[in-house]
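# A look at the structure
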Amino acid sequence: SSNRVKLELFDVSDIAAPASLGSILIGEEGQYSWSEAQYDRHAFSYLVDAQNGVDRFAVPAQLSGETAEGGYFNEESLYLFEVRGKNQPASASLFKQGRILASPKPEDYGYGYRHRSVIHDDAVFFISGDYVWSALWQDPENRSGPQ
């Protein structure tokens, strides 16, 4: 079995009976993912009402597993999500916007770095150790960095 990061949205308008509105897993079956946000709230960024009632948030996660060729991969990314329809709590939903991959990695890049992010309007910055990658919210795969 694999361990993966799970994000789940709940309608808590009736706090005595919270209702799940859906969840998203990071990674595919057979892969392993974990997030620093599981034990450090500073790794999680949230921007309320970023655009027309849509909230934006970012969660760093490491993803690892076997490649199709039998090798091994280990990636660090900042995953971007939106909470849509929050003004109607019973029909609110999670939407996966994409991710900023921490690549290419500098030669002296090490593991165990702290991860932070900043969401400023449509710009997103992913800080991993001494390095920063940046992208636009609408196009996170088209990143620049590291700087």
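Provided above is the structure to which this section pertains.
Conventions we followed
Residues numbered from 1 in each chain as written. Predicted model: local features only at pLDDT ≥ 70, side-chain atom pairs only at ≥ 80, totals over all residues. Heavy atoms only, no water. Patch = residues over 30% accessible without salt bridge, like charges linked within 9 Å, V, L, I, M, F, W, Y side chains within 5 Å. Areas by Shrake-Rupley, 256 points an atom, 1.4 Å probe, with all protein chains shown as cover. Salt bridge = Lys/Arg side-chain N within 4 Å of Asp/Glu carboxyl O. Helix = DSSP H or I, 4+ residues; strand = E, 2+ residues; numbered from the N terminus. Pairing = 2+ DSSP bridges. Axes fitted to C-alpha atoms, helices over the stretch in contact; angles between N-to-C directions. Phe/Tyr/Trp six-rings, centres within 6.5 Å; stacked < 30°, edge-to-face > 60°. Buried < 20%, exposed > 50% of the residue type's maximum accessible area, 1.4 Å probe, protein only.

### Structural notes on a nonpolar patch on the surface
- On the surface, a nonpolar cluster with roughly 310 Å² of combined accessible area is contributed by F10, V12 and I15.
- With respect to the helices and strands, the residue V12 is situated in the loop between strand 1 (5-11) and strand 2 (19-26).

### A short note on the pairing of strand 10 (residues 131-136)
- Here strand 9 (residues 123-128) pairs with strand 10 via six bridges, running antiparallel. Paired with V124 across the bridge in strand 10 is A135.
- The turn linking strand 9 back onto strand 10 is made up of two residues, and G129 within it adopts a positive phi angle of 65°.
- As paired elements, strand 10 and strand 11 (residues 139-144) share two bridges and run antiparallel to each other. Its bridge partner lying in strand 11, L136 is registered against D139.
- A loop of two residues connects strand 10 with strand 11, the two strands running antiparallel in sequence.

### Quick notes on unusual backbone geometry
- The omega angle of the peptide bond from S103 to P104 is 0°, so this bond is cis rather than trans.
- When you line up the elements, P104 lands in the loop between strand 7 (93-101) and strand 8 (115-120).
- Note the cis peptide between G145 and P146, where omega equals 5°.
- Mapped onto the elements of the fold, P146 is located in the segment after strand 11.
- Positive phi, normally seen in glycine, also occurs at D121, with a value near 55°.
- Relative to the helices and strands, D121 resides in the loop between strand 8 and strand 9.

### Quick look at the sheet that holds strand 8
- Spatial ordering of the open sheet is given by 8-9-10-11, a layout of four strands whose pairing is antiparallel. The open sheet has two edge strands with one neighbour each: strand 8 and strand 11. Adjacent strand axes in the sheet meet at a mean angle of 25°, parallel and antiparallel pairs treated alike.

### Overview of the packing of aromatic side chains
- Tallied over the full model, the rule gives six aromatic pairs.
- Geometrically, the ring pair formed by F44 and F57 is tilted, given 5.5 Å between the ring centres and 35° between the ring planes. Highlighted residues: F44 in the loop between strand 3 (32-34) and strand 4 (45-51) and F57 in strand 5 (residues 54-66), separated in sequence by 13 residues.
- Take F44: its relative accessible area is 36%, and that puts it in the partly exposed class.
- The buried category is assigned to F57, whose relative accessible area is 5%.
- Between F126 and W133, the aromatic rings sit 6.4 Å apart at their centres with planes inclined by 35°, giving tilted as the arrangement. We note that F126, like W133, is buried.

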